[in-house]
Amino acid sequence: MEGPVSQGPSFIRPTVRSTWLSLKRFLRSPWTITGELLGVALVGVLSTVVPQATDLAATGRLRADHPVLHRLLETLWLDRVLHGPPFLVLLAVATGSLTLVLVELTGRARREWPTPTAEAVIRRAQYQEAFTVAARLEAREVVEVRSRFGLLGAPLFHAGLLLVVLAGVLRAVLGVDAVVQVHEGELLPAGPDAFPHQTGGPLAGPFGLRASLSIGQLQAGLHETGGLAALALPVTVGSGPAEDRLLINTPLDLGPNRLYLSAETGPAAFLVIEAPGERRQEVLFMSTVGEGAEVSTGAGPLLLRLSTPWSGLSQRPAGLTYRALSAGVLAGVGRLGLGETAQLPGGVRLTLVDLRRWVELRGRRDPSVELALGGFALAIAGAAAMFLVTRVETAVRVEPLAGGSRVTVALRAQRFAPLHADAFQALVAQWRSRPPQEEPPT
């Protein structure tokens, strides 16, 4: 004879239930929600203050000036804060809190959606008045609900916030950012190898263009003071004859990828360096005025420091200035014009072939854009319903009396009750002055 089927230890279900209740209390705690808001604000501040990995200029300066701080920021994921584990944990907690709030608000709206009884309106009304009239009326209850859609405001608002948070999760896991510096006339090949600097989520594939990109001549508009007014870069995708223009804040859509033009620009020096037993061509991307760049000659300890007064926006200069350092000691200083060759210590020859502009292109693949836009739209609709549409319930109860009738009038507003005081007084006045033969208002 078979015995009863074992249901497992009796302590399992109470333990699971207590764990769920503890988790629910944690996610719904005001302290947790406040921490989530502060965490999101902190992430926004960090992504602005701390140079991110795709900001090559700022990251390079930080690495050179503060190497220990740079390594610490890398260890804590602060140089790629939108893809790091701390941000994902924050989004996971926020998702749990918003889901619980949305479930509660949806249940409340579902319970309050049906037309209530007159007793329920009178019991919860902010405004209520009972009086007698001389007319003897039939016993009845009249209940009216206006602007019922106002109940959906809070659920819609929190549903929109939840979609925005889920979009953040999608961005952190599947999004990828890339950056590359290119010079005028360069052909950027297809594939991810063209973008050596990339940061992305744990499930994001590498960023790469599906077709090559031909870089045209940078077009810069300047203010009278010399400051940058506009920047445009003509590009050609693949072998097509059509030419597109990249503008700052106007990306180029290339399938699932987007390409942005950064305001970072400067001079690119095309050099030929000849040393005993070696000859090589090099394109040196220099920073703007005063910072210059360094290049190794391959001839022992000889190092070149190059600079030019050209910012990459004004008219192209005739050449650049070089300083040769041998074992840290100044070995030569001079100016090199276009097409000219300088003879340096150690049998090194340096030829300046050309000077062009370089620009920075930023690539992004972000599958969360549509979801985030939908969440913002839903949140705006919910906020509008919350503050512009208010559910108002009115109830009138008529009870016959000897020689007259007793009338009870009540009004309950979902919010902003003081704004409905005049409407309540108008309803009371309507019932006080109603003739006996008139049908009750609806």
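Relevant structure appears above.
Here the focus is the overall build of the protein chain. The helix and strand inventory of the protein chain stands at nine helices and 20 strands. By the burial criterion, 40% of the 442 residues in the protein chain qualify as buried. The contacts in the protein chain between residues at least 6 apart in sequence include a share of 61% that link residues at least 24 apart. Of the accessible surface of the protein chain, which amounts to about 24,000 Å², a share of 59% is contributed by carbon and sulfur atoms.

Right, let's talk about the packing of helix α7 (residues 153–174) against helix α8 (residues 369–388) for a bit. Direction vectors running N to C along α7 and α8 enclose 160°, while the axes themselves pass 7 Å from each other. Relative to α8, α7 is oriented roughly antiparallel. In the crossing of α7 with α8, the sense of the turn from one axis to the other is left-handed. Of α8, the residues touching α7 (which contributes G153, A154, L156, F157, A159, G160, L161, L163, V164, L166 and A167) are L371, A372, G374, G375, F376, L378, A379, G382, A383, A385 and M386. The class makeup of the residues in the contact of α7 with α8 is 17 nonpolar, five polar and no charged.

Along strand β18 (residues 348–365), 13 of the 18 residues are buried, which leaves the element largely enclosed by surrounding structure. Of the pairings in the sheet, the one linking strand β3 (residues 176–183) to β18 comprises eight bridges and is antiparallel in character. Along β18, the bridge assignment pairs H183 with W358. Here strand β11 (residues 257–275) runs beside β18; their pairing, made up of 14 bridges, is antiparallel.

Judged by side-chain polarity, W20, L21, L23 and F26 come together as a nonpolar surface patch covering roughly 380 Å² of accessible area. As for its position among the elements, F26 is in helix α1 (residues 12–28). With a relative accessible area of 46%, F26 lands in the partly exposed category.

Further remarks concern the pairing of strand β19 (residues 392–401). β19 sits mainly inside the fold: seven of its 10 residues count as buried. By the bridge criterion, seven bridges tie strand β2 (residues 140–146) to β19 in an arrangement that is antiparallel. Note that in β19 the partner of R146 across the bridge is V392. Looking at chain direction, β19 and strand β20 (residues 404–413) are connected through 10 bridges and run antiparallel. Pairing of E399 across the sheet is with R406, part of β20.

Turning our eyes to something else, we now look at helix α3 (residues 56–65). Considered for burial, the residues of α3 that qualify are L56, A58, T59 and L62. Mapping the buried residues of α3 onto a view down its axis gives an arc of 165°, with all of them on the same face. Residues of α3 that are exposed and point over 90 degrees away from its buried face: A64 and D65. As for α3, its buried residues are in contact with α4 (67–75), β3, β5 (197–200) and β18.

With the rule as written, the count across this model stands at four aromatic pairs. The lysine or arginine in question, R148, covers the ring of W113, its NZ or CZ lying 5.6 Å from the ring centre.

Here we come to the nonpolar core. In this structure, L188, F195, L213, L233, L246, L259 and L361 are the most contacted members of the largest nonpolar core, which totals 22 residues. For L259, the contacting residues outside a window of four places in its chain are F195, L213, L246, P251, L252, L254, L361, R362 and G363. Core analysis: the next-biggest nonpolar cluster, separate from the first, contains 20 residues, A269, L304, L306 and W310 among them.

Okay, the sheet that holds β20 next. Read across the open sheet, the four strands follow the order β1-β20-β19-β2; overall the sheet is antiparallel. At either margin of the open sheet sits one strand with a lone partner, and together these are β1 (127–133) and β2. Neighbour to neighbour, the strand axes of the sheet diverge by 10° on average, direction disregarded. Where β1 lies against β20, seven bridges are found, and the strand directions are antiparallel. In the sheet register, V133 faces β20, and the bridge partner there is S405. Sitting on the sheet, helix α9 (residues 421–432) touches β1, β19 and β20, and the angle it makes with β1 is about 10°.

Take the side chain of R397 next. Along the chain, R397 falls in strand β19. Assessed through its relative accessible area of 18%, R397 is described here as buried. Separated by 3.4 Å, the side chains of R397 and E141 make a polar contact. Not counting residues up to four positions away in its chain, the partners in contact with R397 are E119, I122, R140, E141, R406, V407 and T408.

Right, let's get into the layout of surface pockets. Taken as a whole, the largest pocket spans an internal volume of roughly 780 Å³. Around the largest pocket, the lining is made up of 30 residues, and of these V40, L91, L161, V164 and V165 lie nearest the centre. Sorting the residues of the lining of the largest pocket by element identifies α2 (30–49), α5 (85–112), α7 and α8 as the ones contributing at least two each. Counting residues per element, the lining of the largest pocket draws most heavily on α7, at eight residues. Tallied by class, the residues present in the lining of the largest pocket amount to 20 nonpolar, six polar and four charged.

Conventions we followed
- Residues numbered from 1 in each chain as written.
- Predicted model: local features only at pLDDT ≥ 70, side-chain atom pairs only at ≥ 80, totals over all residues.
- Heavy atoms only, no water.
- Helix = DSSP H or I, 4+ residues; strand = E, 2+ residues; numbered from the N terminus.
- Buried < 20%, exposed > 50% of the residue type's maximum accessible area, 1.4 Å probe, protein only.
- Contact = heavy atoms within 4.5 Å.
- Areas by Shrake-Rupley, 256 points an atom, 1.4 Å probe, with all protein chains shown as cover.
- Axes fitted to C-alpha atoms, helices over the stretch in contact; angles between N-to-C directions.
- Parallel < 35°, antiparallel > 145°, perpendicular 65-115°, else oblique.
- Left-handed = near helix turned anticlockwise from the far one by under 90°.
- Nonpolar A, V, L, I, M, F, W, Y, C, P; charged D, E, K, R; others polar.
- Pairing = 2+ DSSP bridges.
- Patch = residues over 30% accessible without salt bridge, like charges linked within 9 Å, V, L, I, M, F, W, Y side chains within 5 Å.
- Salt bridge = Lys/Arg side-chain N within 4 Å of Asp/Glu carboxyl O.
- Arc of directions from axis to C-beta.
- Phe/Tyr/Trp six-rings, centres within 6.5 Å; stacked < 30°, edge-to-face > 60°.
- Lys NZ or Arg CZ within 6 Å of the ring centre and 35° of its normal.
- Core = buried A, V, L, I, M, F, W, Y, C linked by side-chain atoms within 4.5 Å.
- Polar contact = N/O pair within 3.5 Å; in protein donor to acceptor, adjacent residues only side chain to side chain.
- 1 Å grid on protein atoms, 1.4 Å probe; cavity = no way out; pocket = protein on both sides within 12 Å on 5 of 7 lines; lining within 4 Å.
- Points joined across faces, edges and corners; volume = space filled by probe spheres on them.

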